[in-house]
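Read off the chains here:
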Amino acid sequence: MSDEEHQFESKADAGASKTYPQQAGTIRKNGYIVIKARACKVVEVSTSKTGKHGHAKCHFVAIDIFNGKKLEDIVPSSHNCDVPHVNRTDYQLIDISEDGFVSLLTENGSTKDDLRLPTEEALLSQIKDGFADGKDLVVTVMSAMGEEQICALKDIGPK
């Protein structure tokens, strides 16, 4: 029985959770919240008074940080909401491939090749024009809940 070998698939995130709980009444405008399993930035919070038998309720209006869609949720203010761990990382742009993927240089000198160009037109044209002009570009990548996207661009001068 115990002679069998067991294989385990390992993940590199060391079991870290993609979200953490926070009481709904403490989440403010410009904070982050998970609505319908999407990481969102809160743009409006309104709190209703308690009813005859119930809790005060928080009404959140938020925008998905990756696709820009507007989402709403109503949660009792004493209950916990999921808040995503949102990270921003800067990478230097090395190359843009024909199929829309970018090659980025990480801080430890390795390359990151699994990110697509952003879909937002203004940012996309800035990246393509700057790269075509031979400028040294640094892109800011926002990551939350297993998703990553280029969200900003900095020009650090000519190559």
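About the thresholds
- Residues numbered from 1 in each chain as written.
- Predicted model: local features only at pLDDT ≥ 70, side-chain atom pairs only at ≥ 80, totals over all residues.
- Heavy atoms only, no water.
- Helix = DSSP H or I, 4+ residues; strand = E, 2+ residues; numbered from the N terminus.
- Buried < 20%, exposed > 50% of the residue type's maximum accessible area, 1.4 Å probe, protein only.
- Contact = heavy atoms within 4.5 Å.
- Areas by Shrake-Rupley, 256 points an atom, 1.4 Å probe, with all protein chains shown as cover.
- Pairing = 2+ DSSP bridges.
- Axes fitted to C-alpha atoms, helices over the stretch in contact; angles between N-to-C directions.
- Disulfide = S-S within 2.5 Å.
- 1 Å grid on protein atoms, 1.4 Å probe; cavity = no way out; pocket = protein on both sides within 12 Å on 5 of 7 lines; lining within 4 Å.
- Points joined across faces, edges and corners; volume = space filled by probe spheres on them.
- Nonpolar A, V, L, I, M, F, W, Y, C, P; charged D, E, K, R; others polar.
- Domains from an automatic or database assignment.

Trainee: So what's going on with the overall build of the protein? Residues and values would help.
Mentor: The secondary structure content of the protein amounts to one helix and 11 strands. In the protein, the succession of α and β elements from N to C terminus is β-β-β-β-β-β-β-β-β-α-β-β. The buried share of the protein, reckoned over its 159 residues, is 32%. Sequence separation of 24 or more characterises 47% of the internal contacts of the protein that already satisfy a separation of 6 or more. Counting every atom, the protein has about 10600 Å² of accessible surface; 48% of that belongs to carbon and sulfur.

Trainee: Summarise the sheet that holds strand β3 (residues 38-48); cite the residues concerned and give the values.
Mentor: Read across the open sheet, the four strands follow the order β2-β3-β4-β5; overall the sheet is antiparallel. Because the sheet does not close on itself, it has two edges, and the strands there are β2 (32-35) and β5 (70-76). Pairs of neighbouring strands in the sheet enclose a mean axial angle of 45 degrees, with direction left out of account. Looking at chain direction, β2 and β3 are connected through four bridges and run antiparallel.

Trainee: Give me the lowdown on the side chain of Ser-77, citing residues and values where you can.
Mentor: Looking at the element boundaries, Ser-77 is found in the loop between β5 and β6 (80-84). Residue class for Ser-77 comes out buried when judged on its relative accessible area of 17%. Among residues more than four places away in sequence, those in contact with Ser-77 are Gln-23, Ala-24, Gly-25, Ala-56, Lys-57 and Cys-58.

Trainee: Pulling in residues and values, what's your account of the pairing of strand β7 (residues 87-96)?
Mentor: Alignment of β7 against strand β10 (residues 135-144), held across six bridges, turns out to be antiparallel. When the sheet's bridge partners are listed, Asp-90 is paired in β10 with Thr-140. Examined bridge by bridge, β7 and strand β8 (residues 101-105) share four bridges and lie antiparallel to one another. Bridge assignment links Leu-93 to a residue of β8, and that residue is Leu-104. Connecting β7 to the next strand, β8, in antiparallel fashion are four residues, including Gly-100 with a positive phi near 90 degrees.

Trainee: I'd like a rundown of the state of the cysteines, residues and numbers included.
Mentor: Evaluation of the coordinates by the stated rule reveals zero disulfides. Free cysteine: Cys-81, not disulfide-bonded; nearest cysteine sulfur from Cys-58 at 7.5 Å. Classification of Cys-81 as buried rests on a relative accessible area of 7%.

Trainee: I'd like a rundown of the layout of surface pockets, residues and numbers included.
Mentor: A probe as big as a water molecule, rolled over the atoms, marks out the empty space that is left. Considering only enclosed or pocket space, the second largest pocket measures out at about 230 Å³ in volume. Lining the second largest pocket are 13 residues, and of these Ile-65, Phe-66, Glu-120, Gln-149 and Cys-151 sit closest to its centre. For the lining of the second largest pocket, the secondary structure elements donating two or more residues are β4 (57-64) and β11 (147-158). For the lining of the second largest pocket, the element with the highest residue contribution is β11, accounting for three residues. Broken down by class, the residue content of the lining of the second largest pocket amounts to seven nonpolar, two polar and four charged. No fewer than three residues from each of domain 1 (19-84) and domain 2 (86-155) sit in the lining of the second largest pocket.

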